[in-house]
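Each chain, letter by letter, is given below.
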Amino acid sequence: MPMSAASSNANNGLFVCNIQITLFIAVLIVELPEVTPRTYLSEEPGTLDPSVHKPAHHMRKFQVTRRPLEEIPIPNNTVVTGLVGTKSILECHTRKIVNITVEWYKYDHNNKSQIKLVKNNETLTDDKRFLSVESENSMIWYLHIRFATKSDEGLYECRVYNETIFSIFTTLDLYEARASILGPDIREVDKGFPIRLSCIINLTDGYHKPHHSNIMIQPRYMFWYRDNRVINYDLKDGAVVHEGELATELIFQRALPQHTGNYTCVPSNARQASVQVIVHYRGEEFPSQKTTRDRPKVLAVIVVLFIIAII
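Here's what I pulled together on the structure shown here. (Residues numbered from 1 in each chain as written. Predicted model: local features only at pLDDT ≥ 70, side-chain atom pairs only at ≥ 80, totals over all residues. Heavy atoms only, no water.)

Glancing now at the nonpolar core. Core analysis: the largest hydrophobic core is formed by 26 residues, its most contacted members being I195, L197, W224, L250 and Y263. At the level of secondary structure, the elements contributing two or more residues to this core comprise β10 (177–181), β12 (195–203), β13 (222–226), β16 (247–252), β17 (261–267) and β19 (273–280). It is β12 that provides the largest number of residues to this core, a total of 5 residues. Setting aside its immediate chain neighbours within four residues, L197 contacts R187, W224, T248, E249, L250, Y263, V275 and V277. (Core = buried A, V, L, I, M, F, W, Y, C linked by side-chain atoms within 4.5 Å. Buried < 20%, exposed > 50% of the residue type's maximum accessible area, 1.4 Å probe, protein only. Helix = DSSP H or I, 4+ residues; strand = E, 2+ residues; numbered from the N terminus. Contact = heavy atoms within 4.5 Å.)

Next comes the structure, spelled out in structure tokens:
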């Protein structure tokens, strides 16, 4: 009997322990809140209520899909240099983004107002020198400015429309080239001596910025005029013309009186230059020498007239 009593007491203790565990689990179940199903970021943007579903910290700032970094068009804010009278070309890199609209704008000198020049391949301004051209691989849109003038200088914007809008800015600097004939402006030559006129093309002052590259372009032509007549294709009296990339030379092997006249070098993309040629018979006094010799006489006359006026 003592063993039966001990066994009975053990069973009672185990039963009480089971009841306590069961009651503890029941209390936990009652106090647990309702579990909300987890929402993943793969859902469409804008379908989440931000007051309930707060995105992760790195997603809070941007709520739109961003284009990958490698698709962002470059370069931007570039400087293009060109020559007055030639074609200037501006580039807009779009990195082969499809279904885009490209517009080119020109800002005024204060960069406050702008004029829309072209839209895709359509020129919108009355100035038909502006033309937009797409590259064969569709990665670059070009703005062609034919026969550029100084007024075409300034800031240009290429505005690209797609899912988002981005702009490419380019500053156009234009310089003017000028021709110059080496030597004095008046050439006095004895008959029978050679005449050599050398014309070269240089840039006007201001082309000294270090980031500029060489913008000199070989002209389509460099004509020589005597008075108002082109002589390149009507060479007479032993005249010879030598042409280089940025220079031309007119040579008369033996100067003749009929070679006297005004000679002008006219490049296609630069200011013209002129020189006066005077051919004398040998031994004849040059006008410049005569002027120098007569200068003391003129001064003497002026002094005499001044003294008479004082008296």
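Now that the structure has been shown, the text picks up again.
The next subject is the sheet that holds strand β1 (residues 78–83). Ordered by their spatial adjacency, 6 strands build an open sheet running β1-β9-β8-β3-β4-β5, and the pairing between neighbours is mixed. Strands at the two margins of the open sheet, each flanked by one partner only, are β1 and β5 (122–123). (Pairing = 2+ DSSP bridges.)

Next up on the list: the packing of aromatic side chains. Inspection of every chain in the model, using the stated rule, returns 3 aromatic pairs. Aromatic pair F223 and Y233: ring centres 5.8 Å apart, planes at 75°, arrangement edge-to-face. In this pair, F223 is assigned in strand β13 and Y233 in the loop between β14 (229–230) and β15 (239–243), connecting sequence segments 10 residues apart. Relative to Y263, the ring of F252 has its centre 6.0 Å away and its plane inclined at 70°; by these criteria the two rings are edge-to-face. Taken as a pair, F252 in strand β16 and Y263 in strand β17 lie far apart in primary sequence, 11 residues in all. The exposure class of F252 is buried, given its relative accessible area of 1%. The residue whose ring lies beneath K106 is Y156, and the NZ or CZ to ring-centre distance is 5.5 Å. (Phe/Tyr/Trp six-rings, centres within 6.5 Å; stacked < 30°, edge-to-face > 60°. Lys NZ or Arg CZ within 6 Å of the ring centre and 35° of its normal.)

Right, let's get into the sheet that holds strand β7 (residues 140–145). Judged by pairing direction, the sheet is antiparallel, and its 3 strands sit side by side in the order β2-β7-β6 without closing on themselves. On the outer flanks of this sheet lie β2 (88–93) and β6 (130–134), each paired with one strand and no other. Within this sheet the neighbouring strands show an average axis-to-axis angle of 20°, counted without direction. (Axes fitted to C-alpha atoms, helices over the stretch in contact; angles between N-to-C directions.)

Glancing now at the pairing of β16. Two faces, one strand: in a regular strand the side chains alternate between the faces of the sheet. Within β16, 5 of the 6 residues are buried, which leaves the element mostly enclosed by the surrounding structure. Pairing of β12 with β16 involves 6 bridges; the strand directions are antiparallel. Its bridge partner being in β16, C199 is matched across the sheet by T248. By the bridge criterion, 5 bridges tie β15 to β16 in an arrangement that is antiparallel. Within the sheet, the bridge partner assigned to A239 lies in β16 and is F252. In sequence, β15 turns back onto β16 through a hairpin of 3 residues.

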